[in-house]
Amino acid sequence: MKAPKPIASPVPEAWYPTLSVIMLAIGLVVTASFFIYEATSSRRNRSLAKELTTGAVASVFLGFGSLFLLLSSGVYV
Amino acid sequence: MGYRRLDLLVFGLSVSILWGTVFSDLILSKVDRRVDLRSQIVRITSTLKVENDGTNVVSEVLLAFPDDQAKHLAYLAATPNEGGKGKAKDFKTSSSLPVELVVHPKHDMPPALTFYSVSLPKGLAKGDTFTFELLAVFTHALQPFPEKISQAEIQLLVFQDSAYFLSPYAVRAQSLTVKLPDARIESYTRLDNTKIHGSEIKYGSYENLPPFSYSPIVVHFENKQPFAVAQELVREIEISHWGNVQVTEHYNLNHGGAQIKGEFSRLDYQARPHVRGASAFRHLVAKLPPRARSVYYRDEIGNISTSHLWGDSRKTELEIEPRYPLFGGWRTSFTIGYGLPLQDFLFQSKGKRFLNFTFGSPINDVVIDTLIVKVVLPEGSGDVSVSTPFPVKQSQETKVSHLDIVGRPVVVLEKTNVVPEHNQYFQVYYKFNSLAMLREPFMLISGFFFLFVAGIVYMHADMSISKSSASYLAKLQWDEVQAAVQQVENIISRCLTIHDKLEASLRDLSRTGDIQASKAARKAADGSLKELTKELKPLLAFLQSSQQASQILPKVEDLIVKEKDLQERLLAKHSTVVDCYEKKYGGKEIENRIAQHQQKINALTQEVDDLLDFIAET
């Protein structure tokens, strides 16, 4: 019989703080560009697809960034 | 007490008379019992040598306990004795013999007795012998007497048992050793062959006793140990596949020894803690697994700072002190929690994952009346099954925790009367798809995305109540003007890009001398510039017709004119240069010819940029 294999986290735990900082930084930059676009383009020229893609990219980065922030601060979800 | 003793005596005598010859097939040729009374838990280790005296093959041995003792029985295990007497036996190994409660003893058994049967590895034929060791652990079997003491008094305990091994079989030779703590012995029952060596009382040996022989003994002795009894302990083990096993233990602890009477003097306790408060709790030591992290110790009102933690590669030790010294009958409740690395406890085997964890409390020498172990599995796990080394009550519930949608499945294991011997590993098997780990990040992502969608909706929505008011219409018009101006800006900047391309083609020409490529570039630029000029027309017409645009219109018109001028100049320059190349003029000549154009182009570029900036700012 095969010996049971230990299961570890898919991402090494030592990377959590770094990943969190990097992903949150990227996420915040994309968020900033989203809001700049919202504020500067006039209502008629705004493209919904561009808004949605920027929002989606920003939320993916912010989502994973905040997940790793939670994990690195000891809140294991 | 005296009454109870008499009762037992009468009972013992009666059974020995009535059932004297029931089980004559087996006899116990030698019984050694060692009773350990050094802690609050009574541990009786017995070495039994069984011999078959009859003709039938026998494969199980019955053990008898009086009912009032059996109800305190917490743990019972038997292991075969392979030579080597007196060695420390590990009762948790897999070689232990199965022990079962006999639910319906034969009707000719004496009442008020509880029977357990030990299955032997192989049947005993006539004349065969088999030796095994038996560990019986009892809780709450030591009675404090007197039941109430003052702060300065020393706790005294009473232990009752039989000097003879209570058994449905005849016993040929037997002895009993009672090990007491190193302290004063108040009194003990003296029978024939009773000897005392320091803190050890020895009864026996006694020979050739009939079945169900009973001779009560009572030992009354000093014991300063505090009795840590957890009336209820809830252990919650939460698995996170992101790398952690979080254990939270809620203790509801009391001191189960002699109760304190009279008043408690903190001054006396502080001045002479070993005299005035000898049996009070000072601290508890919890032996946590190695690499435990984020350890905390708190109760309802917050962190309790009186704790110490140290560890090495094999264990982590947490020493905790309650908020106040705990005297007999007093109680306290607190919570300890710690995180453990996932890879030490979670394993994969045959397509299933399983948690391998200890069942009991990590605190040394604590008796638990009701232990509830809750294993919180990650959301999305299914097909849950539990394997425990001893029977427990099982149930399932759901817990909603961080970032959950439907809640996590929880396995609840409940057991009463738990002693440190129950600190054995149990397994919880479950199936889990690794993709389900992405549920938590998905929750976060959708939360943020909802925020962005809300922003988009807010920016797109028309929030005004009155759709026909003057200011609303003006705003709508202004929006249109803005849109038109932005489109103009956009077209102008595209024109500027085409200008850049033309300039680039000129640079290429001076480098390679390829006139045809330059002409082609010119042709393409002419086409697109014409398109853009056409696109500009309706926008300009709209701006001219709109009242709202009256302020910005001159600038826009100026911009368009300047751009047109710039365009013409650039085209002229381009034609000149291409022309010069065709006529093979020298570099100096070309420079002279385009100098005027170039000056104008530079000035116009500057003006167009300024105008663009100005319009963008409005």
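Residues numbered from 1 in each chain as written. Chains lettered and ligands numbered in written order. Predicted model: local features only at pLDDT ≥ 70, side-chain atom pairs only at ≥ 80, totals over all residues. Heavy atoms only, no water.

*Asks:* I keep staring at the overall build of chain B and nothing clicks. Help me out?
*Replies:* Counting its secondary structure elements, chain B contains 8 helices and 31 strands. Taking 25 Å as the expected radius of gyration for a compact globule of 618 residues, we find that chain B reaches 46 Å, considerably beyond that expectation. Intrachain contacts of chain B at a sequence separation of at least 6 include 76% that bridge at least 24 residues. In chain B, 70 side chains carry a positive charge and 71 a negative one; their mean positions are 4 Å apart. (Helix = DSSP H or I, 4+ residues; strand = E, 2+ residues; numbered from the N terminus. Rg over C-alpha atoms; globule rule 2.2 N^0.38 Å. Contact = heavy atoms within 4.5 Å. Lys, Arg positive; Asp, Glu negative; His and termini not counted. Charge placed at Lys NZ, Arg CZ, Asp CG, Glu CD.)

*Asks:* Looking at this structure, I do not really get the packing of helix α1 (residues 16–40) of chain A against helix α2 (residues 48–72) of chain A. What am I missing?
*Replies:* Geometrically, a packed helix pair is captured by the angle between its two axes and the distance between the axes. All names here are of chain A. Where α1 meets α2, the closest approach of the two axes is 7 Å, and the angle between their N-to-C directions is 155 degrees. When the axis of α1 is compared with that of α2, the two are roughly antiparallel. When you trace α1 past α2, the crossing you get is left-handed. (Axes fitted to C-alpha atoms, helices over the stretch in contact; angles between N-to-C directions. Parallel < 35°, antiparallel > 145°, perpendicular 65-115°, else oblique. Left-handed = near helix turned anticlockwise from the far one by under 90°.)

*Asks:* How should the interface of chain B and chain A be read in this particular structure?
*Replies:* For an interface, size is often stated in terms of accessible area lost upon the parts coming together. Facing 40 residues of chain B, the contacting portion of chain A comprises 42 residues. Interface of chain B and chain A: buried area, both sides summed, is about 3,500 Å²; carbon and sulfur atoms make up 68% of it. Of all residues in chain B, Trp-242, Phe-452 and Met-459 of chain B give up the largest surface area on contact with chain A, accounting jointly for 21% of the area buried on that side. Between chain B and chain A we count 1 salt bridge in total. A salt bridge links Arg-293 of chain B to Glu-13 of chain A, with the shortest nitrogen-to-oxygen separation between them at 3.2 Å. Counting every contact that joins chain B to chain A gives 9 residue pairs in polar contact (both at pLDDT 80 or more). At the level of secondary structure, the elements contributing two or more residues to the side of chain B that touches chain A comprise β25 (346–349), β26 (352–358), α4 (439–460) and α5 (470–512) of chain B. Per-element tally for the side of chain B that touches chain A: the top contributor is α4 of chain B, with 12 residues. (Buried area = accessible area lost by both parts, 1.4 Å probe. Salt bridge = Lys/Arg side-chain N within 4 Å of Asp/Glu carboxyl O. Polar contact = N/O pair within 3.5 Å; in protein donor to acceptor, adjacent residues only side chain to side chain.)

*Asks:* Whenever I open this one, the domain arrangement of chain B confuses me. Can you help?
*Replies:* The domain architecture assigned to chain B consists of domain 1 (26–83 + 92–222), domain 2 (228–437) and domain 3 (470–617). Centre-to-centre, using C-alpha coordinates, domain 1 of chain B lies 107 Å away from domain 3 of chain B. (Domains from an automatic or database assignment.)

*Asks:* How should the pattern of salt bridges be read in this particular structure?
*Replies:* Here the idea is simple: oppositely charged side chains can pair when their charged atoms come close. All names here are of chain B. Under the counting rule described, the total for this entry stands at 33 salt bridges over all chains. Asp-383 is paired through a salt bridge with Lys-431; the nearest N and O atoms lie 3.5 Å apart. Here the residue Asp-383 occupies a position in strand β28 (residues 382–387), and Lys-431 occupies one in strand β31 (residues 425–431), the gap between them amounting to 48 residues. By relative accessible area, Lys-431 is classed as partly exposed at 43%. (Buried < 20%, exposed > 50% of the residue type's maximum accessible area, 1.4 Å probe, protein only.)

*Asks:* Any chance you could explain the UniProt feature "transmembrane region" (unreviewed entry) in chain A here in plain terms?
*Replies:* The UniProt record marks residues 14–37 and 57–76 of chain A with the feature "transmembrane region" (unreviewed entry), using the residue numbering of this structure. For residues 14–37 of chain A, the helix share is 92%, the strand share is 0%, and the end-to-end C-alpha distance is 36 Å. (UniProt positions renumbered as here; feature names shortened; annotations may be inferred.)

*Asks:* When you look at the UniProt feature "transmembrane region" (unreviewed entry) in chain B in this model, what are you seeing that I'm missing?
*Replies:* Here the UniProt feature "transmembrane region" (unreviewed entry) sits at residues 442–461 of chain B. Along residues 442–461 of chain B, the helical share is 95% and the strand share 0%, with 27 Å between the first and last C-alpha atoms.

*Asks:* Just checking my understanding: could you explain the packing of aromatic side chains for this structure?
*Replies:* Each pair of aromatic rings is reported with the distance of its centres and the angle of its planes. Residue and element names in this part refer to chain B. Tallied over the full model, the rule gives 22 aromatic pairs over all chains. Residues Phe-347 and Phe-354 carry aromatic rings whose centres are separated by 5.7 Å and whose planes lie at 35 degrees to one another, so their mutual orientation is tilted. Across the pair, Phe-354 and Phe-347 agree in class, each one buried. Measuring from centroid to centroid gives 5.2 Å for Phe-359 and Phe-390, while their planes differ by 80 degrees, and the two rings are edge-to-face. With a gap of 31 residues between them, Phe-359 in the loop between β26 and β27 (367–376) and Phe-390 in the loop between β28 and β29 (393–399) connect regions that are remote in the sequence. A relative accessible area of 0% means that Phe-359 is categorised as buried. (Phe/Tyr/Trp six-rings, centres within 6.5 Å; stacked < 30°, edge-to-face > 60°.)

*Asks:* It is not clear to me how the confidence of the model for chain B should be interpreted in this structure. Could you clarify?
*Replies:* Caution applies to low-pLDDT regions: their predicted coordinates should not be interpreted in detail. Residue and element names in this part refer to chain B. When pLDDT is averaged along chain B, the result is 87, and 94% of the positions lie at 70 or above. Across residues 1–22, confidence stays below pLDDT 50; counting only partners more than four residues off in sequence or on other chains, it has 29 contacts. Predicted complex metrics record ipTM = 0.96 and pTM = 0.80. (pLDDT = per-residue confidence, 0-100.)

*Asks:* Quick question: what am I supposed to make of the sheet that holds strand β22 (residues 307–311) of chain B here?
*Replies:* By way of backbone hydrogen bonds, the strands of a sheet pair with one another, either parallel or antiparallel. Residue and element names in this part refer to chain B. With antiparallel pairing, 3 strands are arranged side by side in an open sheet as β19-β23-β22. Each end of this open sheet is capped by a strand with a single partner; those strands are β19 (284–288) and β22. On average, each strand axis in the sheet is inclined to that of its neighbour by 15 degrees, with strand direction left out of account. As paired elements, β19 and strand β23 (residues 316–320) share 5 bridges and run antiparallel to each other. The residue of β23 that forms the bridge with Leu-288 is Thr-316. (Pairing = 2+ DSSP bridges.)

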